[in-house]
Amino acid sequence: MSRRAPEPTPQAGSGRVRLVVANWKLHHTHLEAIAFLERLWHLLDADDYRRAEIAICPAFTALRSAQLTIETDGMPYRLGAQDVFWEPSGAYTGEVSVPMLAKLDVRYVIVGHSERRRLFGETDEVVAKKAAAVASGGLVPIVCVGEVAEERDAGVTESVLERQLDAVLATYPAAALGELVIAYEPVWAIGSGTPATPEDAQQVARYVRGLVASRVGEAAASRVRVLYGGSVDVGNAVAFLAESDIDGLLVGGASLDPERFAQLLGARPRLAPTS
Ligand code: PGA
């Protein structure tokens, strides 16, 4: 069924549009992706669409099917990829490029997720190259940063984030800075069932915005969206979104089932209308 969904409303005060991202990781075939999207479309209502932009990041193999499903039914969901290579083409067996993603109407690309840093050896330099390539290709990177438990315990969270972000900001195209999305994902909170407290996440999100302001200026920093990720679920989504520097959520486990993800997106009490 084709119907029109309203545009998300910018938040009063900040002017930023909230963004909630489903990171499916290594889950869902293309058939499961289609079924998920149809179900989510059935479950969400106009209020949900006003409150946040919704992005779905399936595996590469499901992008084409998801693109067609979204387009056919006029769904308001944005497509995202979970990774990318920085070269546009060439002898790089197994890789996928930004222009290839752009052809599939992909808008966002998750870059530097801690699983890629940890399991696939991605360094700050690799993450920076990917982020710059995404932005130069007209797409928007969701740059993931975050400390591991030992770093948190040692009290060095801020210097870890500074190192991770400085690498990206050093080579990031200036014209695209305002669109940049940064996801603060404490590594110890991912998939653990133990999220950061909203207060701690807010404090780090404010630090991130301040750091961006000190490197590239207040104007861009005030537009950059900072997400929180790590064991986000129905019961805590509202509390994170209520924080002034948290502009959205990066959701793993709780995004896999359409019922659960729809509940999270429509979590009660609903946030007050933003305009
Ligand atoms: P989680 O994953 O919500 O399952 O903790 C978040 C992420 O890794 O992006």
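Placed above this text is the structure.
Notes on the structure in this doc start here. Quick caveat, the model's predicted, so the values are computed rather than measured. (Residues numbered from 1 in each chain as written. Predicted model: local features only at pLDDT ≥ 70, side-chain atom pairs only at ≥ 80, totals over all residues. Heavy atoms only, no water.)

**Examining the overall build of the chain**
If you tally the helices and strands in the chain, you get twelve helices and eight strands. Relative to the 2.2 N^0.38 estimate, which gives 19 Å for 275 residues, the radius of gyration of the chain is 17 Å and therefore close to what a compact globule would have. Taken over the C-alpha atoms alone, the chain extends approximately 50 × 50 × 35 Å along its principal axes. A burial count over the chain gives 54% of its 275 residues as buried. Sequence separation of at least 24 residues holds for 73% of the intrachain contacts in the chain that already meet a minimum separation of 6. Surface exposure of the chain reaches about 12100 Å², of which carbon and sulfur atoms provide 55%. Here the chain contributes 27 positively and 35 negatively charged side chains, and the mean placements of these two sets differ by 4 Å. (Helix = DSSP H or I, 4+ residues; strand = E, 2+ residues; numbered from the N terminus. Rg over C-alpha atoms; globule rule 2.2 N^0.38 Å. Buried < 20%, exposed > 50% of the residue type's maximum accessible area, 1.4 Å probe, protein only. Contact = heavy atoms within 4.5 Å. Areas by Shrake-Rupley, 256 points an atom, 1.4 Å probe, with all protein chains shown as cover. Lys, Arg positive; Asp, Glu negative; His and termini not counted. Charge placed at Lys NZ, Arg CZ, Asp CG, Glu CD.)

**A short note on the sheet that holds strand β7 (residues 225-229)**
Read around the closed barrel, the eight strands follow the order β1-β2-β3-β4-β5-β6-β7-β8; overall the barrel is parallel. Averaged over all pairs of adjacent strands, the angle between their axes in this sheet comes to 25°, without regard to strand direction. The pairing of strand β1 (residues 19-23) with strand β2 (residues 53-57) spans five bridges and is classified as parallel. Residue pairing for β2: V20 is matched across the bridge by I54. Relative to strand β3 (residues 78-81), helix α3 (residues 63-73) is tilted by about 170°, and along the sheet it contacts β3 and β4 (106-111). Sheet strands in contact with helix α12 (residues 258-265) are β1, β2 and β8 (248-251), and its direction is about 160° off that of β1. (Pairing = 2+ DSSP bridges. Axes fitted to C-alpha atoms, helices over the stretch in contact; angles between N-to-C directions.)

**A closer look at unusual backbone geometry**
One non-glycine residue, K25, adopts positive backbone phi at about 55°. Topologically, K25 is positioned in the loop between β1 and α1 (30-43). Residue class for K25 comes out partly exposed when judged on its relative accessible area of 22%. Positive phi, normally seen in glycine, also occurs at D105, with a value near 60°.

**Regarding the nonpolar core**
Among the nonpolar cores identified, the biggest contains 78 residues, and I56, Y77 and F261 are the most heavily contacted of them. If you tally residues by element for this core, the top one is helix α9 (residues 198-216), at eight residues. Beyond its immediate chain neighbours, meaning those up to four positions away, I56 contacts A22, W24, F36, L37, L40, Y77, R78, L79, G80 and F261. Grouped together as the second largest cluster of nonpolar side chains are 13 residues, Y108, I110, V140 and L250 included. (Core = buried A, V, L, I, M, F, W, Y, C linked by side-chain atoms within 4.5 Å.)

**Some points on the environment of A219**
Among the secondary structure elements, A219 is positioned in helix α10 (residues 218-221). What makes A219 exposed here is its relative accessible area of 59%. For the pair A219 and P99, spaced 120 residues apart in sequence, the C-alpha to C-alpha distance is 29 Å.

**Quick look at the site of the ligand**
Taken together, 13 residues lie near the ligand, and K25, H113, E185, G191 and S231 sit nearest. In the model, an oxygen atom of the ligand is placed 3.5 Å from a nitrogen or oxygen of the N23 side chain. Starting from 280 Å² of accessible surface for the ligand in isolation, the protein chains cover 95%. Grouping the constituent residues of the shell around the ligand by class yields four nonpolar, seven polar and two charged. (Near = heavy atom within 4 Å. Polar contact = N/O pair within 3.5 Å; in protein donor to acceptor, adjacent residues only side chain to side chain. Nonpolar A, V, L, I, M, F, W, Y, C, P; charged D, E, K, R; others polar.)

**Here's the deal with the packing of helix α6 (residues 124-136) against helix α8 (residues 157-171)**
Between two packed helices, the angle of one axis relative to the other and the distance separating the axes together describe the packing. The N-to-C vectors of α6 and α8 enclose an angle of 40°; their axes lie 8 Å apart at closest approach. Considered as vectors, α6 and α8 are oriented oblique to each other. Considering only the axes of α6 and α8, their crossing is right-handed. Mapping the contact onto sequence places D124, V127, A128, A131 and A132 in α6 and R163, Q164, A167, V168 and T171 in α8. The residue makeup of the contact of α6 with α8, split by class, is six nonpolar, two polar and two charged. (Parallel < 35°, antiparallel > 145°, perpendicular 65-115°, else oblique. Left-handed = near helix turned anticlockwise from the far one by under 90°.)

**Here's the deal with α9**
Counted at 1.5 Å a residue, the expected span for α9 with its 19 residues is 27 Å, and the 26 Å between its end C-alpha atoms agrees. Buried within α9 we find P198, A201, Q202, V204, A205, Y207, V208, R209, L211, V212 and A213. Elements that come into contact with the buried residues of α9 comprise α8, β6 (181-184), α10, β7 and α11 (237-241). Taken from the residues just after α9, G217 is the one with a positive phi, measuring 105°. (Expected span 1.5 Å × (residues − 1).)

**Description of the packing of aromatic side chains**
Scanning the model with the defined rule gives nine aromatic pairs in all. An angle of 70° between the planes, with centres 4.7 Å apart, marks the rings of W24 and F36 as edge-to-face. Remark: F36 occurs in helix α1 and W24 occurs in the loop between β1 and α1; sequence separation between them is twelve residues. When sorted by exposure, W24 lands in the same class as F36, which is buried. When the centroid spacing of 5.8 Å and the interplanar angle of 50° are considered together, the rings of Y49 and Y77 count as tilted. Taken together, the residues span a long stretch of sequence, with Y49 in helix α2 (residues 46-51) and Y77 in the loop between α3 and β3 at a distance of 28 residues. Assigned by exposure class, Y49 and Y77 land together as buried. (Phe/Tyr/Trp six-rings, centres within 6.5 Å; stacked < 30°, edge-to-face > 60°.)

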